[in-house]
Amino acid sequence: SWQLALTRLVGAYAPNTIKAYYSDVSHFVDWCQRQNFTPFPATGPEMIDYLENSLAEYSFLTIKRRIYAIRKVTILLGCEDPTRTEEFNLAYRRIRRTKPHRPSQSKGINKGLLLRAIAAQPNTLVGIRNRALLSIGYDFLARRSEISSL
């Protein structure tokens with residue numbers, strides 16, 4: 001069974017990675033049961049159908065992670081990987097284009113925000129340290145790691 005295949009990963013992967021694989025593959029297996037599909041070995045059309053059904057409900061990164069987990073279990077079971085077909089690749093690319101993932105950039109600190117952050121610090125030794133670190137970081141355009149190394 002696929003659960004037994006995942007136990008082969010113990011020691012080679014982090015426990016949280018194995019838990020995530022278990023969760024993602026469980027989701028796929030449950031979906032297959034609702035659709036009256038056999039989860040393993042899955043076929044290309046079943047995987048494409050799973051992709052398209054997941055599109056409305058989940059982000060692209062979630063779908064990508066789940067596909068990778070399904071691929072890993074499929075390989076562990078010794079089955080042919082249904083995600084290596086051109087039809088699956090085209091469906092995957094369509095989904096990636098309809099759900100683009102762009103990380104949101106953090107907002108930079110400006111003079112006004114810096115002055116508010118400095119004013120919010122308490123009049124204690126820790127507050128004095130925080131004000132100094134904020135000022136140094138702003139004046140030298142330092143990264144967090146550079147400030148902490150000081």
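Here is a short report on the structure shown in this document.

Calculation criteria
- Position numbers for residues start from 1 in each chain and track the written sequence from start to end.
- The predicted origin of the model limits local features to residues at a pLDDT of at least 70 and limits the giving and counting of side-chain atom pairs to 80 or more, whereas totals for whole chains, interfaces and linings rest on all residues.
- Only hydrogens and water are set aside; all other atoms, that is, all heavy atoms of the structure, feed into the side-chain values.
- Here a helix means four or more residues in a row that DSSP labels H or I, a strand means two or more in a row labelled E, and each is numbered from the N terminus.
- For the radius of gyration, the atoms used are the C-alpha atoms, and the globule rule reads 2.2 Å times the number of residues raised to 0.38.
- When a residue's accessible area, from a 1.4 Å probe over protein chains only, is under 20% of the maximum for its type it is buried; when over 50% it is exposed; and in between it is partly exposed.
- Residue contacts are defined here by distance: any two heavy atoms, one from each residue, within 4.5 Å place the two residues in contact.
- Using the Shrake-Rupley algorithm and a 1.4 Å probe, accessible areas are obtained, with residue cover drawn only from the displayed protein chains.
- Counted as a polar contact is a pair of N or O atoms within 3.5 Å, where, for protein atoms, one must be capable of donating a hydrogen and the other of accepting one, and residues adjacent in sequence contribute only when both atoms are in side chains.
- Salt bridges, as used here, are contacts in which a Lys or Arg side-chain nitrogen is within 4 Å of a carboxyl oxygen on Asp or Glu.
- The span expected for a helix works out to 1.5 Å for each residue beyond the first.

**Details of the overall build of the protein chain**
Each helix and strand counted, the protein chain has 8 helices and 0 strands in total. What you see in the protein chain, going N to C, is helices and strands ordered as α-α-α-α-α-α-α-α. Against the globule reference of 15 Å for 150 residues, the protein chain gives a C-alpha radius of gyration of 24 Å, more extended than a compact globule. C-alpha extents for the protein chain along the principal axes are approximately 65 × 35 × 25 Å. By the burial criterion, 33% of the 150 residues in the protein chain qualify as buried. Long-range pairs, those at least 24 residues apart, make up 49% of the contacts in the protein chain with a sequence separation of at least 6. With an accessible surface of roughly 10400 Å², the protein chain has 54% of that area assigned to carbon and sulfur atoms.

**Considering the side chain of Thr 74**
Tracing the backbone shows Thr 74 in helix α4 (residues 60–76). A polar side-chain atom of Thr 74 sits 2.7 Å from the main-chain carbonyl oxygen of Ile 70. Setting aside anything within four residues of it in sequence, one finds Thr 74 in contact with Phe 40, Cys 79, Glu 80, Asp 81 and Pro 82.

**Considering the pattern of salt bridges**
In the structure shown here, the tally under the stated rule is 5 salt bridges. Ionic pairing is found between Arg 65 and Asp 24, a salt bridge with its closest N-O pair at 2.8 Å. Taken together, the residues span a long stretch of sequence, with Arg 65 in helix α4 and Asp 24 in helix α2 (residues 15–35) at a distance of 41 residues. Its relative accessible area of 40% is what places Arg 65 among the partly exposed residues. For Asp 24, the salt bridge is made with Arg 66, and the minimal N-O distance between the two is 3.4 Å. Residue Asp 24 is located in helix α2, and its partner Arg 66 is located in helix α4; the two are separated by 42 residues in the primary sequence. Accessibility classification places Asp 24 together with Arg 66 in one group, the buried group.

**What about the side chain of Gln 121?**
Position of Gln 121 among the secondary structure elements: in the loop between α6 (111–119) and α7 (125–140). Only 2.9 Å separates the side chain of Gln 121 from the side chain of Asn 130, close enough to count as a polar contact.

**Some thoughts on helix α3 (residues 44–55)**
Taking 1.5 Å as the rise per residue, α3 with 12 residues should run 16 Å; its terminal C-alpha atoms sit 17 Å apart, in good agreement. Every buried residue of α3 is listed here: Gly 44, Glu 46, Met 47, Ile 48, Tyr 50, Leu 51 and Ser 54. On the buried face of α3, the contacting elements are α2, α4 and α5 (86–98).

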